[in-house]
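Listed below, chain by chain, are the residues.
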Amino acid sequence: MEKVKKINFGTIAKKYGTVGAFIVICIFFSLSTDVFLSSSNILTVLRQISMLAILGAGLTVVMITGRIDLSIGYGTSLLGIFCAALMVDLGVPMPVAALLTLLGGLLIGLLNGVLIAYGGIPDFIGTLGTGFLLSGINQAYTEGHPISGLPDSFEIFGNMSFLGIPTMIFIMAFWLIIIAIVLSKTRFGRHTYAIGGNKEAALMSGVNVKSNSMWGFVFCGIGMAITALVLTSRMGSAHVTAADSYQMQAIATVYLGATAFKEGEPNLAGTLLGALILGVLKNGMTLMNIAYYYQDIAQGVVILLAVIITSLQRNRKK
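Residues numbered from 1 in each chain as written. Predicted model: local features only at pLDDT ≥ 70, side-chain atom pairs only at ≥ 80, totals over all residues. Heavy atoms only, no water.

**Some remarks on the overall build of the protein**
This is how it is decided: Here a strand is any run of E in DSSP of at least two residues, a helix any run of H or I of at least four, and the numbering for each starts at the N terminus. Each radius of gyration reported is based on C-alpha atoms, and the globular scaling rule is 2.2 Å times the count of residues to the power 0.38. Each residue's exposure class comes from its accessible area (1.4 Å probe, protein chains only) as a fraction of the maximum for that residue type: buried when under 20%, exposed when over 50%, partly exposed otherwise. It only takes one pair of heavy atoms within 4.5 Å for two residues to be counted as in contact. Calculation of accessible area relied on Shrake-Rupley with a 1.4 Å probe; when residues are assessed, cover is drawn exclusively from the protein chains displayed. For the purpose of charge, His is not counted, nor are the chain termini; Lys and Arg are scored as positive and Asp and Glu as negative. Think of each charge as sitting on NZ of Lys, CZ of Arg, CG of Asp or CD of Glu.
Secondary structure summary: the protein contains twelve helices and two strands in total. N-terminal to C-terminal, the α/β element order of the protein is α-α-α-α-α-β-β-α-α-α-α-α-α-α. On C-alpha atoms alone, the protein measures out to a radius of gyration of 20 Å, which is about the 20 Å that the 2.2 N^0.38 rule sets for 318 residues. Dimensions of the protein, computed from C-alpha atoms along their principal axes, come out at roughly 75 × 55 × 35 Å. Across the 318 residues that make up the protein, the buried fraction comes to 48%. Of all intrachain contacts in the protein linking residues separated by at least 6 positions in sequence, the fraction that spans at least 24 positions is 77%. For the protein, the computed accessible surface area is about 15,600 Å², with 67% contributed by carbon and sulfur atoms. Placing the 19 positive and 13 negative side-chain charges of the protein at their respective mean positions leaves the two points 18 Å apart.

**Side note on the packing of helix H4 (residues 94-118) against helix H5 (residues 123-142)**
Put simply, the rule is: Lines are fitted to the C-alpha atoms to define the axes, a helix being fitted only along its stretch in contact, and any angle between axes, read from their N-to-C directions, falls within 0 to 180 degrees. If you view the pair so one helix is near and one far, a crossing is left-handed when the near helix is turned anticlockwise from the far one by less than a right angle, and right-handed when it is turned clockwise. Three classes are used, and their members are as follows: Ala, Val, Leu, Ile, Met, Phe, Trp, Tyr, Cys and Pro are nonpolar, Asp, Glu, Lys and Arg are charged, and the others, Gly among them, are polar.
At a closest axis distance of 9 Å, the pairing of H4 and H5 adopts a crossing angle of 145°. Seen from above, H4 lies across H5 with right-handed handedness. From H4, Ile108, Leu111, Asn112, Leu115 and Ile116 reach across to H5, where they touch Asp123, Gly126, Thr127, Thr130 and Leu134. Residues that form the contact of H4 with H5 fall into these classes: five nonpolar, four polar and one charged.

**Some details on the nonpolar core**
Put simply, the test is: Think of a nonpolar core as a cluster: buried Ala, Val, Leu, Ile, Met, Phe, Trp, Tyr and Cys residues, connected wherever their side-chain atoms sit within 4.5 Å.
Within the largest apolar cluster, 63 residues are counted, with the highest numbers of intra-cluster contacts made by Leu59, Ile72, Ile179, Ile277 and Val280. At 13 residues, the largest contribution of residues to this core is made by helix H2 (residues 39-64). Residues in contact with Leu59, not counting those within four places in the same chain, are Asp69, Ile72, Cys220, Ala250, Ile251 and Val254. If you look at the next biggest cluster of nonpolar residues, it comprises 16 residues, including Ala84, Met87, Ala97 and Phe157.

**Describing H2**
Operational definition: Consider a residue and the seven residues that end there alongside the seven that start there; fitting an axis to each set, the bend is the angle between those axes.
Where H2 bends most, at Ser50, the angle is about 40°. Burial analysis of H2 places 19 of its 26 residues in the buried class, the great majority of the element. Of the residues trailing H2, Gly66 is marked for its positive phi of about 90°.

**Some details on the side chain of Thr167**
One can find Thr167 in helix H6 (residues 167-185). Residue class for Thr167 comes out buried when judged on its relative accessible area of 14%. Discounting chain neighbours no more than four positions away, the residues touching Thr167 are Ile156, Phe157, Gly158, Met160, Ser161 and Phe162.

Don't take any of this as a statement about function, it's just geometry.
Encoded structure:
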């Protein structure tokens, strides 16, 4: 006679408690407003979180290894200006400008990766320094002025729809699928998780810790570039500090996602859930006409709880 396996409710709560909280939030707003669950509002939420999810997905690869990138906001802002300047100031065709922007993001990630992984510079200081450097270059070129007059074709990244769905949602989904495949189906992904689990053990197992860590930053840089394309297209012009506020939001999204599925460890599904939670909170409170400062308070409380829960889960594992 086979033994019946006992259900460990504690483990379920640790892994899926954040999912349950998200469902409760959705139920609350659906009962509080008439339009929350409408198809148009759902698309609005997905559109609103798309840039945060794209940026957070790239950052997740870095944070899985136990590192962080504090240049993501500044880098995204600079890449938006870079793309706009190519098209408006230099007359570069839109597709070429977009490809060069992706290359620029790759190079920013490569710079961070080389400095941190091979140069031995602490990730916190190194990426913060890179961020200030990128912000300075941005300010020097623009003198604080936005760049407008973008070609109509550039709207494809943020202001067009396909089958009634905004293209930026398709871009978000495409990038998330790429990151998911890289993390789950490639040796790089397995090595990335190994480094995050135990760096010394991974090194002794033959994992090239420096190379894998560097490529993590490269993926983060490409995420910056994709976000820059979507954000600049959405705004219709490039602004010097357009993405600076996304920096802490993206980090918070990854931390919030770390409370789900992996018990304190960053993971892609959790990052998407974290972006959805922040997006739903903002959207729902806006529909309820709650003042913006109370929205900030609510998001701050959620983020603090996420950091506390993540820290407790990691300490319990140790």
